Amino acid sequence: MALSLEHVVVLAGGVGGAKLADGLARILPPEKLTVIVNTGDDFWHYGMRICPDLDTVMYTLAGVVDPANGWGVAGDTTATLEALKRYGEDVWFRLGDQDIATHLLRSEALRNGERLTEVMLRLQNRLGVLHPILPMTDAAVETMIDTVEYGELPFQTYFVRYRWQPTMKGLRYAGSENAEASPEVTAALENADAIIIAPSNPWLSLAPMLSVKPFSELLIEKHIPRVAVSPIVAGTAVKGPAAKLMAELGYDVTARAVAEYYGALINGFVYDLQDSSLIIEDKKTFVTNTIMQNQIDREHLAQLILRWITSEVWD
Ligand code: FO1
């Protein structure tokens, strides 16, 4: 009997996560899809709370994201950055003028005591996004990268300022020890009849989420499809530092190593045709073209994954 999916949850971070979330949002109506997003990249900058992965998903689903970068607002200007430079500022994090509107309203709301979840739902509704985009937690959890060259760095300093070139020795998720998933996230995970982990960086986008109680517990105990899409194709990352980071942390840079990293958290794994020779143990697998170069690809991959999920019998 084919499974009918009423409550799909996708766990996403970064540009790859936003793309699959977009593909799923084009197929599933708002009441059947919830996007839970990494906030380990977030930081305070010039007094504004910057939430890159939340904004990347929001702008992507709203159809306003800058297509070249995959983040920021299409056609945005940098007058404010130029004005900061005039004051002698070293402007390493490129904030567009329209993007700053998001940071201003979010920062004001947080200072007024609103939860991040609440202000994000309000902003996304204003942009016409009806699929709920939820921060993994309302607490501050910040990914810190321990590097050979500079010691410990906050995430954006590693990722943007030093262009993820420093050698990674380790990483931690500061604040996760007493962070909890929001009520909205807990409800979404409890009600889920399928959980999809997007092709995001496991260490930078998913591990921060899994470090927040009770994510891992909720994922492991659910007897539903819990499938991850590999961000590694033919030994490289489609975008970003995943391959470099895996090598530096001592992992094989393969889709198989990603499946092993997720371990018991998942019971299904989607990986690319180019890796079809890989043997992935003790998980249901689905091999297909996972490269999303345009809207059609995103929708097509989302469709194929949903069809595969509903065609299998899950434990
Ligand atoms: N990524 C960069 O590589 N350079 C930037 O200057 C930059 C600015 C930026 C501004 C707002 C925003 O929401 C994201 C931005 N990103 C930038 C991406 C950001 O570093 C994200 O953390 C990555 O997309 C990884 O998730």
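See the structure shown above.
Report on the accompanying structure. (Residues numbered from 1 in each chain as written. Predicted model: local features only at pLDDT ≥ 70, side-chain atom pairs only at ≥ 80, totals over all residues. Heavy atoms only, no water.)

### Describing the site of the ligand
- Neighbouring residues of the ligand: 13 residues in total, closest Asp 41, Asp 53, Arg 94, Gln 156 and Val 160.
- Between Asp 41 and the ligand, the recorded distance is 2.9 Å, taken from a side-chain N or O atom to an oxygen atom.
- Here an oxygen atom of the ligand sits 3.0 Å away from a polar atom, N or O, in the main chain of Arg 94.
- When the ligand is considered free in solution it has 530 Å² of accessible area, and contact with the protein chains removes 93% of it.
- Because more than half of its atoms lie within 2 Å of the grid, the ligand is assigned to the largest pocket.
- Of all the secondary-structure elements, those providing two or more residues to the shell around the ligand are helix H2 (52-62) and helix H6 (155-161). (Near = heavy atom within 4 Å. Polar contact = N/O pair within 3.5 Å; in protein donor to acceptor, adjacent residues only side chain to side chain. Areas by Shrake-Rupley, 256 points an atom, 1.4 Å probe, with all protein chains shown as cover. 1 Å grid on protein atoms, 1.4 Å probe; cavity = no way out; pocket = protein on both sides within 12 Å on 5 of 7 lines; lining within 4 Å. Sits in = over half its atoms within 2 Å of the grid points. Helix = DSSP H or I, 4+ residues; strand = E, 2+ residues; numbered from the N terminus.)

### Re the sheet that holds strand S10 (residues 226-229)
- Here we have seven strands laid out as an open sheet, ordered S5-S2-S1-S9-S10-S13-S14, and parallel in their pairing. Only two strands of the sheet have a single partner each, and these edge strands are strand S5 (133-135) and strand S14 (284-288). Along the sheet, successive strands turn relative to each other by an average axial angle of 20 degrees, direction set aside.
- Set on the sheet, helix H12 (residues 295-311) makes contact with strand S1 (8-12), strand S9 (194-197), S10, strand S13 (268-272) and S14; between it and S14 the angle comes to about 150 degrees. (Pairing = 2+ DSSP bridges. Axes fitted to C-alpha atoms, helices over the stretch in contact; angles between N-to-C directions. Contact = heavy atoms within 4.5 Å.)

### A word on the nonpolar core
- If you look at the biggest cluster of nonpolar residues, it comprises 48 residues, and the most contacted ones within it are Leu 11, Ile 36, Leu 189, Phe 215 and Phe 269.
- For this core, the element with the most residues is helix H8 (residues 202-210), which contributes six residues.
- Sequence-distant contacts of Leu 189, that is, excluding residues within four places in its chain, are made with Val 9, Leu 11, Ile 36, Ile 195, Phe 215, Leu 218, Leu 219 and Lys 222.
- Listed in part, the 44 residues of the second largest apolar core include Ala 18, Leu 54, Val 73 and Ile 309. (Core = buried A, V, L, I, M, F, W, Y, C linked by side-chain atoms within 4.5 Å. Buried < 20%, exposed > 50% of the residue type's maximum accessible area, 1.4 Å probe, protein only.)

### Considerations on the packing of helix H1 (residues 14-25) against H12
- In the contact formed by H1 and H12, the axes pass within 8 Å of each other and the chain directions differ by 70 degrees. Classified by the interaxial angle, the pair formed by H1 and H12 is roughly perpendicular. Across from Lys 19, Leu 20, Asp 22, Gly 23 and Leu 24 in H1, the residues of H12 making contact are Gln 295, Arg 298, Glu 299, Leu 301, Ala 302, Ile 305 and Leu 306.
- Among the residues making up the contact of H1 with H12, the classes are represented as six nonpolar, two polar and four charged. (Parallel < 35°, antiparallel > 145°, perpendicular 65-115°, else oblique. Nonpolar A, V, L, I, M, F, W, Y, C, P; charged D, E, K, R; others polar.)

### Regarding helix H11 (residues 255-262)
- All buried positions along H11 are accounted for by Ala 255, Ala 257, Val 258, Ala 259 and Tyr 262.
- Looking at the buried residues of H11, the elements they touch are S9, H8, S10, strand S11 (232-233), helix H10 (242-248) and S13.
- Remark: Gly 263 follows H11 within two positions and exhibits a positive phi of approximately 50 degrees.

### Quick word on the environment of Thr 143
- Structurally, Thr 143 can be placed in strand S6 (residues 142-147).
- Apart from residues no more than four positions distant in its own chain, Thr 143 is found in contact with Gly 40, Leu 153, Pro 154, Phe 155, Leu 171, Arg 172, Tyr 173, Leu 204 and Pro 208.

### Quick word on the side chain of Asp 272
- Tracing the sequence through the fold places Asp 272 in strand S13.
- Among the polar contacts made by the side chain of Asp 272, one reaches the main-chain amide nitrogen of Gln 274 at a distance of 3.0 Å.
- What Asp 272 contacts, discounting residues up to four positions off in sequence, is Val 233, Val 287, Thr 288, Asn 289, Thr 290 and Ile 291.

### Regarding the layout of surface pockets
- A volume near 1,200 Å³ is recorded for the largest pocket.
- Considering the residues around the largest pocket, the lining is formed by 49 residues, among which Val 15, Asn 69, Trp 71, Phe 159 and Lys 239 are closest to the centre.
- Residue assignment for the lining of the largest pocket shows that the elements contributing at least two residues are H1, H2, helix H4 (97-111), H6 and H8.
- The residue inventory of the lining of the largest pocket, partitioned by class, reads 23 nonpolar, 16 polar and 10 charged.
- By volume, the second largest pocket is sized at about 250 Å³.
- Considering the residues around the second largest pocket, the lining is formed by 15 residues, among which Thr 60, Val 65, Pro 67, Gln 295 and Arg 298 are closest to the centre.
- Looking at the lining of the second largest pocket, the elements that each hand over two or more residues are H1 and H12.
- When residues in the lining of the second largest pocket are grouped by element, the largest group, four residues, is from H1.
- In terms of residue class, the lining of the second largest pocket is built from five nonpolar, five polar and five charged. (Points joined across faces, edges and corners; volume = space filled by probe spheres on them.)

### Topic: the side chain of Arg 298
- Within the element layout of this structure, Arg 298 appears in helix H12.
- Accessibility expressed as a relative area gives 14% for Arg 298, which makes it buried.
- When residues no more than four places from it in sequence are discounted, the contact partners of Arg 298 are Lys 19, Asp 22, Gly 23, Thr 60 and Met 292.

### Observations concerning the packing of aromatic side chains
- Taken as a whole and judged by the stated rule, the model has 13 aromatic pairs.
- With a centroid separation of 4.4 Å and an interplanar angle of 35 degrees, the aromatic rings of Trp 203 and Tyr 261 are classed as tilted. Residue Trp 203 is found in helix H8, and its partner Tyr 261 is found in helix H11; the two are separated by 58 residues along the sequence.
- Following the ring pairs from residue to residue traces out a cluster consisting of Trp 203, Tyr 251, Tyr 261 and Tyr 262.
- Lying across the ring of Trp 314, Lys 284 places its NZ or CZ 5.5 Å from the centre. (Phe/Tyr/Trp six-rings, centres within 6.5 Å; stacked < 30°, edge-to-face > 60°. Lys NZ or Arg CZ within 6 Å of the ring centre and 35° of its normal.)

Scope: geometric values only; no functional claims are made or implied.
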